[in-house]
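Architecture at a glance
For reference, the chains in residue letters:
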Amino acid sequence: MMKQEFVRAKPHLNIGTMGHVDHGKTTLTAAITKVLSEVDPSATSFTAFDRIDRAPEELARGITINIAHVEYETPTRHYAHVDMPGHADYVKNMITGAAQLDGAILVVSAEDGTMPQTREHVVLARRVGVPHVVVALNKADAVHDPELLDLVELEVRDLLSRYGFDGDATPVVRVSGLRALQGDPVWTQSIIALLEAVDNHVPVPDRDLTSPFLMPIENVLTITGRGTVVTGAVERGVISTGDNVEVIGLGAAVTSVATGIETFGKPMQQAQAGDNAAILLRGVRRGDVRRGQVLALPGSVAPHTRFRASVYLLSHAEGGRHTGISTNYRPQFHFRTGDVVGVVELDAPALPGDTVEVTVELGKAVAMDTGLGFAIREGGKTVGAGTVGEILA
Ligand SMILES: Nc1nc2c(ncn2[C@@H]2O[C@H](COP(=O)(O)OP(=O)(O)OP(=O)(O)O)[C@@H](O)[C@H]2O)c(=O)[nH]1
Ligand SMILES: [Mg+2]
């Protein structure tokens, strides 16, 4: 049977769940797909809890989209929703922009209130430019004292305001992912209310459709008999089947032609900024491409190793270092979906909480333009966030 072509009937947005471990992110994600699949079975399929937290390797068949994503539709929008499996992955995905969220659902357990990772995720969301947040006050079924719910709501609004969001204007919806998943009609309604808040509060972003095509590569798959497929979220521009492309960064450039494009398993003639795409590349071997490179219009972006940057060092309270840094500091630099080691040169030692101007020399060239954001990590911890300034080499 021919696979059904993707129809762009509604605006597409990328959102995700964030929040402290065990506050119910995955349960809520499953509940959203269940409730929406009941509203319109032709638009949304139910994705069960145990199908969400899964390893990529298990699904590496077909031209499948990045498996961390779940797809659903409200009456007015099409969403790709990412539920990052663990805290470490979450931080990495957020800060490298791999997730490229247009908005986020901050999940806070009404039983526990805001916790350290709740704060860390809010801080990161702000730093990496997640523009809008809606709060799911989850596990509301387990809290019977309304004053306690009010208290937790106040606490969350406070936290959001403290870190630069508009805490007063942010929708806070009392939900129970678990009870909705079990089919309870009252809590099913709470999920509908949450989705209405997302539809109304997170605006459709302006997509950059006019710049040259660029997509950071998140995953590389082989399809027997067809070739190599790369997946990712299109950062800018438009790609059509038959277009020439180039794989750039971390080694020699590879040129190819995009011979097939899919989104969520459905073929499409053209993918655009904001879409999650899987792109089949002609004549490319699996070993020739990898995560961390970008797929781009040939000649539109170049790899670089040396640049000036403005860097913010996360304070200790934000999850950063305890001690300062000085010249010759050698952390990992995360650009988009990849990371590479580099050396920092700075005029004077800097402390956590400082913003400093530095020169960076990378061990391997990365596709970049002035303005590109990056994260600085060491020992699995995010310790800084920066922006590329003048490019030197
Ligand atoms: N009472 C109640 N329990 C819930 C609700 N949502 C989730 N839980 C329970 O909370 C626990 C954690 O749920 P998960 O959905 O795995 O939480 P998570 O945030 O995805 O956890 P991590 O991915 O490990 O960070 C499970 O035992 C759920 O059954 C809810 O709305 N009400
Ligand atoms: Mg989870």
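Throughout, residues of each chain are indexed from 1 in the direction in which the sequence is written. Note on labels: chains are lettered from A, ligands numbered from 1, in written order. Given that this is a predicted model, residues contribute local features only at a pLDDT of at least 70 and side-chain atom pairs are listed and counted only at 80 or more, while totals for whole chains, interfaces and linings are drawn from all residues. In computing side-chain properties, one takes all heavy atoms of the structure into account and sets aside hydrogens as well as water.

For the chain, an unreviewed UniProt entry supplies the name Elongation factor Tu and the organism Lentzea guizhouensis. UniProt positions are given in the numbering used here, feature names are shortened, and annotations may be inferred rather than shown by experiment. Recorded in UniProt under Catalytic activity (unreviewed entry), the annotation for the chain is "GTP + H2O = GDP + phosphate + H(+)". What the UniProt record of the chain gives under Function (unreviewed entry) is the line "GTP hydrolase that promotes the GTP-dependent binding of aminoacyl-tRNA to the A-site of ribosomes during protein biosynthesis."

1. Thoughts on the overall build of the chain
Runs of H or I in DSSP of at least four residues are treated as helices and runs of E of at least two as strands, each being numbered from the N terminus. Looking only at helices and strands, the chain has six helices and 22 strands in total. Contacts in the chain between residues at least 24 apart in sequence constitute 72% of all its contacts with a sequence separation of at least 6. For the chain, the exposed surface amounts to about 16,600 Å²; the carbon and sulfur share of it is 51%. For the purpose of counting charges, residues Lys and Arg are taken to be positive, whereas Asp and Glu are taken to be negative. His and the chain ends are not included. For the purpose of locating charges, the reference atoms are NZ of Lys, CZ of Arg, CG of Asp and CD of Glu. In the chain, 35 positive and 47 negative side-chain charges are present, and the distance between their average locations comes to 6 Å. In what follows, a contact means two residues having at least one pair of non-hydrogen atoms within 4.5 Å. Where accessible areas are quoted, they stem from the Shrake-Rupley method and a 1.4 Å probe; at the residue level, only the protein chains shown are allowed to cover.

2. Considerations on the sheet that holds strand β22 (residues 381-391)
Any two strands with at least two DSSP-identified bridges between them are counted as paired. The strand order β17-β20-β19-β18-β21-β22 describes a closed barrel built from six strands, whose pairing is antiparallel. With strand direction ignored, the average angle separating the axes of adjacent strands in the sheet is 40°. Bridge count for strand β18 (residues 332-335) against strand β21 (residues 373-378) is four bridges, and the pairing is antiparallel. Paired with H334 across the bridge in β21 is A375. Think of each axis as a best-fit line through the C-alpha atoms, taken over the contacting stretch in the case of a helix, with angles from 0 to 180 degrees between the N-to-C directions.

3. Some words on the packing of helix α1 (residues 25-39) against helix α6 (residues 185-201)
Between α1 and α6, whose axes approach to 10 Å, the crossing angle comes to 95°. In terms of orientation, α1 and α6 fall into the roughly perpendicular class. Across from L28, A31, I32, V35, L36 and V39 in α1, the residues of α6 making contact are T188, I191, I192, L194 and L195. The class makeup of the residues in the contact of α1 with α6 is 10 nonpolar, one polar and no charged. Between 65 and 115 degrees an angle is taken as roughly perpendicular, under 35 as roughly parallel, over 145 as roughly antiparallel, and anywhere else as oblique. Any residue outside Ala, Val, Leu, Ile, Met, Phe, Trp, Tyr, Cys, Pro, Asp, Glu, Lys and Arg is labelled polar, Gly included; the first ten of those are nonpolar and the last four are charged.

4. Digging into the environment of E71
Mapping E71 onto the fold places it in strand β2 (residues 69-73). Distance from E71 to T44, taken between C-alpha atoms, is 7.2 Å for residues 27 residues apart in sequence. Leaving out residues up to four positions away in the same chain, E71 has contacts with T44, H78, Y79, F264 and K266. Among the polar contacts listed, one links the side chain of E71 to the side chain of H78, at a separation of 2.9 Å. Think of a polar contact as two N or O atoms within 3.5 Å of one another; within protein, one of them needs to be a possible hydrogen donor and the other a possible acceptor, and neighboring residues in sequence only count if both atoms come from side chains. A distance of 3.3 Å separates polar atoms of two side chains, one belonging to E71 and the other to K266.

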